[in-house]
Structure formats: structure tokens, C-alpha cells
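Analysis of the macromolecular model
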Amino acid sequence: MQLNCRSCGRDIPAEDINVNLAIAKCSSCHSVFNFLDQLGTTAAMAAVRQRPALEMPKAMQVEDWGGELVITRRWFTWAAIFLVFFCLFWDGFLVVWYTAAIASKQMLMLIFPLIHVAVGVFLTYLTLSMFVNKTVIRVANGELSVRHGPLPWPGKRNLLTHEIQQLYVTEQMRRTKRGYSYTYHLNAKLAQGNVVKLLSNLETPDHGLFIEQKLEQHLKIEDEAVAGEVTR
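Throughout what follows, the structure given in this document is the object of discussion. (Residues numbered from 1 in each chain as written. Predicted model: local features only at pLDDT ≥ 70, side-chain atom pairs only at ≥ 80, totals over all residues. Heavy atoms only, no water.)

Notes on the overall build of the chain
The following threshold applies: Strands here are runs of E lasting at least two residues and helices are runs of H or I lasting at least four, both read from the DSSP assignment and numbered beginning at the N terminus. Exposed residues in this analysis have more than 50% of their type's maximum accessible area, buried residues have under 20%, and partly exposed residues fall in between, with area computed by a 1.4 Å probe over protein chains only. Contacts are assigned to residue pairs that have any heavy atoms within 4.5 Å of one another.
Helices and strands together make up the secondary structure of the chain, namely 5 helices and 11 strands. Looking at the 232 residues of the chain, the share that counts as buried comes to 37%. Long-range contacts, defined here as pairs at least 24 residues apart, represent 50% of the contacts in the chain between residues at least 6 apart.

In C-alpha cells form, the structure reads like this:
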């Protein structure tokens, strides 16, 4: 079967087709697109991938009791050590500032650094969370749940497992003063067509890809290519 570019209609040569990802690139207009919708049902099923198994990252623990699967991911990374010293410096400066402000009875000095106080509170809370928090992903009784704790953190999720069609990891790039930074998100594509972000801001793709692998195995979901996903 010959594939054609969605944008310009040109034929796509075999060397510009990635069968594992079901993605093609047009050398004429440089368009990149997923071609599963151009295949028949049989051909589309043949495009389902057999990707290599991933080893469990050190920060994770998996408990599989057949009917119930629990994946626990620790938040700690070595960046937490740097944040400890940064918070000590930041919060220490604010303590000195407010001590001087109270002693001099200058109201403006009390109001001026409020934004810095908010930043300090957030960074301190984040640092503590990185030392004590865990993410627990549980599949049981037809439901997939995501919880973060023991310190409260947003991102709680509850999904019915029969609604999950596909799991995949995406990369987000941000421009910084030193260049670019990358974070990774684990997403669930539902039967209704909408996408739910299960995990956000993972530092490495391996954590998201491993969780994707275990969940798909447990839920017996065939691993299919999704446009824009991170590959193993």
C-alpha cells in the first residue's frame, strides 16, 4: 500500500516511514504525520508495536497480586539536596530582612518582599515533598487511581479502566536562560477521545515509560503508536 502526504498529496517513500511509530515524513513539504488512519483495519492491527521491555527504575516498587496492581514512585532526586541549601539561603535572607523591618518599624519593608515570601514557602514545601512524598498508582476493582502524599499535592486521578484505550508518554520542552529544559508526562487516552494527564513533570522519560508498560500489561492494552509520544 502506498502512503500519501496529508499536506501535499505526494507519495511517501519507504525510507521516510517509521513502521514502529506509525509516523511518516514528507520530503517535499517536511510534514510529519501518523498514518494509521490511512491503513485498513487489518493493516492497522499489524502496526501494533512490540517494544523492548524496560527495567524497573530504582525509585519505584511494583506489587502485583493478580487482580490488583500497585506502583509506588518515590519523589526524591539529588536536586532535593541543592534545594535544601537554596531554601536555607532564601528563607534565611527573609528572616534577616523581616527582623530588620520589625526593629525599624518600616511598614514598606514588611510589604515589599511578599512575593519573595510566597516563592520561599512554595520552594520549602516542594523540597519537603521531594524528601517524603510518594506517588501511588493503584489498579483495583475496575478503577485506576493516582495519589500523592503524605504531604498534600494536586494531581489526584480516578479513571475507570475499561475507558482507557491507550497510555503514552509525551515530552515538554521549556526555554530557560541556559538553553532548554525537558519534562515528561504520562497520559491516558480514553474511549471518549479525550486525554487525561496521569503524571506530570517527570524528570526522565524512563519513569513514565515503565509505568506505561506495567499498566498496559496489567490492563491487557495493546501498545499502539500515538503521534507525539516519546519512544523507548
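Moving on from the coordinates now.
Some details on the sheet that holds strand 1 (residues 17–18)
As a reminder, the rule being used: Two strands pair if DSSP finds at least two bridges between them.
If you trace the 3 strands from one edge of the open sheet to the other, you get 1-2-3, paired in antiparallel fashion. Edge positions in the open sheet fall to strand 1 and strand 3 (32–34), since each of these has one partner strand only. Relative to strand 3, strand 2 (residues 23–25) runs antiparallel, the two being bridged by 3 bridges. Each bridged residue has a counterpart across the sheet, and for Ala24 the counterpart in strand 3 is Phe33.

A word on the environment of Leu83
Along the chain, the position of Leu83 falls in helix 2 (residues 79–104). Remark: the alpha-carbon pair of Leu83 and Leu123, spanning 40 residues in sequence, is separated by 7.7 Å. Aside from chain neighbours lying at most four places away, what touches Leu83 is Leu126, Thr127 and Met130.

Looking at unusual backbone geometry
A cis amide bond links Gly149 with the next residue in sequence, Pro150, at an omega value of 10°. Within the element layout of this structure, Pro150 appears in the loop between strand 7 (143–149) and strand 8 (157–160). One non-glycine residue, Asn141, lies in positive phi territory at about 55°. At Lys220, a residue that is not glycine, the phi angle is positive and equals roughly 55°. By the secondary structure assignment, Lys220 is in the segment after helix 5 (205–219). By relative accessible area, Lys220 is classed as exposed at 73%.

Thoughts on the packing of aromatic side chains
Test applied: Paired rings are identified among Phe, Tyr and Trp, the last through its six-membered ring, by centres lying within 6.5 Å, and are further divided according to the angle between planes into stacked (under 30 degrees), edge-to-face (over 60) and tilted (the rest).
Here the structure, examined in full by the defined rule, presents 8 aromatic pairs. Summarising the aromatic geometry, the rings of Phe76 and Trp78 are spaced 5.7 Å apart at their centres and angled 70° between planes, so their arrangement reads as edge-to-face. Looking at Trp78, the relative accessible area reads 70%, which means it is exposed. Ring-pair connections join several aromatic residues into one group, and the members of that group are Trp75, Tyr125 and Trp153.

Taken by themselves, the reported measurements are silent on function.
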